[in-house]
Structures are given as structure tokens and as C-alpha cells.
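The primary structure of each chain is shown beneath.
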Amino acid sequence: MEPEVIRDKDSMRKWSRAMRLQGKTIGLVPTMGYLHEGHLSLVRQSLTLTDVTVVSIYVNPGQFSSTEDLSTYPSDFSGDLTKLAAISGGKVVVFNPKNLYDYGGETKKINDGGGGGGRVLSCVEEGGLGHETWIRVERLEKGLCGKSRPVFFRGVATIVTKLFNIVEPDVAVFGKKDYQQWRIIQRMVRDLDFGIEIVGSDIAREKDGLAMSSRNVRLSDEERQRALSISRSLAMAKASVAEGKTSCAELKDMIIKQLVGSAGRVDYVEIVDQETLEGVEEIKSGVVICVAAWFGTVRLIDNIEIDVSL
Ligand code: AMP
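Since the structure is predicted, the reported quantities are computational estimates derived from the model, not experimental observations.

Caption draft 1: Layout of the pairing of strand β5 (residues 171-175). Extensive coverage of β5 is indicated by the burial of five of its five residues. Because side chains alternate across β5, one face comprises the buried residues Val171, Val173 and Gly175, and the other comprises Ala172 and Phe174, equally buried. Of the strand pairs in this sheet, strand β2 (residues 26-31) and β5 are connected by two bridges, and their pairing is parallel. Counterpart to Leu28 in the pairing with β5 is Ala172. In terms of strand pairing, β5 meets strand β6 (residues 197-201) through five bridges, oriented parallel. Bridge pairing in β6 links Ala172 to Ile198. This β-α-β element, β5 to helix α7 (residues 179-191) to β6, shows right-handed connectivity.

Here it is in C-alpha cells:
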């Protein structure tokens, strides 16, 4: 049976509070839709941890800069419902709000001194929706994907906070595919005392190793083949560490060579501490190797955790 769809925030909050009164625990899986097996694995994990799970499907304009194309983000709402209907093991509802930045009344641009004052704007500000409160996780949001996408994590932390306040979940599940995002949400929840357990879920991959992503459909067959260099080079780097290689410069070099050899355009290859996300030169404790690279017009990210006790 297809899951119930809740379209507005007041009904969502009412539903959650009714569940709570029945003594049920609530899980939340935030997504932007166009669901694939990676998303579904998060939903299954949430269902093992809580009585009911809310899957939010909302393409968040607050995390897209005004130069990034929000309108071409892939969507297939009825397909998403069919996929969720096939999940067993507990009750799932879908929260699919129209616009979480519409507060009623007239939309108006916040006066920021004109023309954005050289600031990078999100689609929310560009659209003149009048929203002006943002959550920043100041240090963790700066590196990795934050370098090339300056409003991205501010938008993510803010929409996740809004969803937490609307859904009031006990547990929220995030994919380690977006490693920096997961760590940022964990830190935000700790720093701001949200009473919500944040769970990181393993990366779901295609049989050939490519990390599942809504963006993969935009790859041509040939680009998709070349993009396999990402997961392959990460696996090779992990094997090299197991064989005793600890120099991050050498490991990064090895990965970059493979990506460039497959005609990928590297955004970054970084080896960072798993919690602080600070760059590491020599592997002595747990690290994560993070990659962002373009194949054709598609920017892909992937990572691999390396746990070592030297
Ligand atoms: P998105 O719809 O891309 O914003 O992703 C929604 C959630 O699904 C995020 O927590 C992602 O990290 C997670 N996710 C996306 N792709 C994967 C994947 N291949 N494996 C595990 N989680 C994923």
C-alpha cells in the first residue's frame, strides 16, 4: 500500500504528536526525492530503530546557490511512493511540503544593501522569500564541499532544523555518502541540544561500485564507465593503507592520477580526520578519504572510511 502523504507542516506536526501520544517512536529520513536504493536503505534502518518513519521529500531551495539550477533537479514523486510502498517492516509516511519558506503574506527581499552586496545568495534569498535566519556550523562547513558550494551547508543545516522542529523525531538517519553533511548535522544536534539521535548509514553502491546518487541518471554510459574510477581509486587507496602506506600526499596523488586518467575533473581529493574533518598528512588514526569530481556535467562525491589503530 502506498504511504500516506502529508503536505503541510501543521498537519505533519499534528500527526507526529498523535503518534507520540500513542507511545510510538518516530524516525525521520530527509531526502530530496528521486529515491534509489541508497535512500531506501536509510528508511529500512530507521524502521529497525523506531515504530514509524517519516520520509521527507523536499528539494530545498535554501541549499542551492542562485547560480545552481534548482529547477533541473530530477523528480519522480509517484515512482518514489511506489518504491516506499514496497518496504516492509513498519509504517512509513511521506512529508512533501510545497514550500517551507512560505510564511504567508507578501514575499519581499530582505534589504541587504542592494544586489546581494557581493554575498553568495541562495535561491531562497534570490526568490525574495524574506527568510533571514540561518544555522551555520562554522568550522565543519568550510572545507571539502563547502569550498565550492558556499551556501550549501548553511542551507542543509537550516532545512534539517526546520524538519526537526516540524516532525519532532526521536531518530534521524543520514547517509555517510554525504559524509560532511552527516558530521555537520551530528555537531549541530550536539551543540544546540536537539533531543534527537543522529544515525549515519553506510553508502549503498551499484554492483560495479559506483555510489548510488540521484545524479547518476545524468551520466552518459561512457561517463558512467569513467566515473567508476572514483570508487576504484578509493578502494585501492584503502588497500594501500592496509599494506602499510600512510603518506596522505602519496595516497592523494594516486587517486588524482586515476581520476584524471579517466578524464575526470577533480574538485577535491582530501584525507581528513573522521570527526573534525581536518586534513591529515600521515595516517595514524581513523580517517576518511573524500572525493568530489566532475564527469561530463555531473559532479559526483564519494568517500571511504579507514579505521586504523596503529
Ligand atoms: P538526497 O536526496 O540526495 O539529499 O539524500 C537524502 C539522504 O540519502 C542523505 O542522507 C544522503 O546521504 C542519503 N544517500 C544518498 N545517496 C546514498 C547512498 N548511495 N548511500 C547511502 N545514503 C545515501
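Caption draft 2: Inspection of the environment of Ala263 at higher detail. Within the secondary structure layout, Ala263 lies in the loop between α9 (248-261) and β7 (265-273). Taking C-alpha positions, Ala263 is 34 Å from Ile57, a pair spaced 206 residues apart along the chain. If sequence neighbours within four positions are ignored, Ala263 has contacts with Arg226, Trp294 and Phe295.

Caption draft 3: Main features of the packing of helix α1 (residues 9-21) against helix α6 (residues 152-167). In contact at an axis separation of 7 Å, α1 and α6 are set at 55° when each is read in the N-to-C sense. Overall, the two elements α1 and α6 adopt an arrangement that is oblique. Residues Lys9, Met12, Arg13 and Ser16 of α1 form the contact with α6, whose participating residues are Asn165, Ile166 and Val167. Looking at the contact of α1 with α6, its residues break down into three nonpolar, two polar and two charged.

Caption draft 4: Broad picture of the site of the ligand. With respect to spatial proximity, 17 residues lie near the ligand, and among them Met32, Gly175, Asp178, Ala204 and Met212 are the closest. Ala204 is positioned with one of its backbone polar atoms (N or O) 2.8 Å from a nitrogen atom of the ligand. The backbone of Met212 places a nitrogen or oxygen atom 2.8 Å from a nitrogen atom of the ligand. Protein coverage of the free-state accessible area of the ligand, which is 480 Å², stands at 92%. Residue contributions to the shell around the ligand peak at three residues, all from helix α2 (residues 37-49).

Caption draft 5: Quick peek at the sheet that holds strand β9 (residues 298-306). Spatially, three strands are ordered β7-β8-β9 in an open sheet, and the strand pairing comes out antiparallel. In the strand order of this sheet, the two ends are held by β7 and β9, each with one partner. In this sheet, neighbouring strand axes are inclined to one another by 10° on average, regardless of whether the strands run parallel or antiparallel. Two strands pair when backbone bridges link them, and strand β8 (residues 287-295) and β9 are joined in this way by nine bridges, in the antiparallel orientation. Considered in β9, the bridge of Val287 is made with Ile306. Of the strands in this sheet, β8 and β9 touch helix α8 (residues 221-242), which is tilted by about 20° from β9. Running at roughly 155° to β7, α9 makes contact with β7 and β8 of the sheet.

Caption draft 6: Main features of the sheet that holds strand β3 (residues 52-57). Reading across from one edge, β1-β4-β3-β2-β5-β6 is the order of the six strands in this open sheet, with parallel pairing throughout. Only two strands of the sheet have a single neighbouring strand rather than two, namely β1 (4-6) and β6. Each strand of the sheet is rotated relative to its neighbour by a mean of 25°, with strand direction disregarded. Note that β1 and strand β4 (residues 91-95) share three bridges and pair parallel.

Caption draft 7: Structural detail: the packing of aromatic side chains. Inspection of the entire model under this criterion finds four aromatic pairs. When the centroid spacing of 4.8 Å and the interplanar angle of 70° are considered together, the rings of Phe152 and Phe153 count as edge-to-face. Relative to Phe194, the ring of Phe164 has its centre 5.6 Å away and its plane inclined at 70°; by these criteria the two rings are edge-to-face. In this pair, Phe164 is assigned in helix α6 and Phe194 in the loop between α7 and β6, connecting sequence segments 30 residues apart.

What counts and what doesn't
Residues numbered from 1 in each chain as written. Predicted model: local features only at pLDDT ≥ 70, side-chain atom pairs only at ≥ 80, totals over all residues. Heavy atoms only, no water. Buried < 20%, exposed > 50% of the residue type's maximum accessible area, 1.4 Å probe, protein only. Helix = DSSP H or I, 4+ residues; strand = E, 2+ residues; numbered from the N terminus. Pairing = 2+ DSSP bridges. Right-handed = clockwise from strand over helix to strand, strands pointing away. Contact = heavy atoms within 4.5 Å. Axes fitted to C-alpha atoms, helices over the stretch in contact; angles between N-to-C directions. Parallel < 35°, antiparallel > 145°, perpendicular 65-115°, else oblique. Nonpolar A, V, L, I, M, F, W, Y, C, P; charged D, E, K, R; others polar. Near = heavy atom within 4 Å. Polar contact = N/O pair within 3.5 Å; in protein donor to acceptor, adjacent residues only side chain to side chain. Areas by Shrake-Rupley, 256 points an atom, 1.4 Å probe, with all protein chains shown as cover. Phe/Tyr/Trp six-rings, centres within 6.5 Å; stacked < 30°, edge-to-face > 60°.

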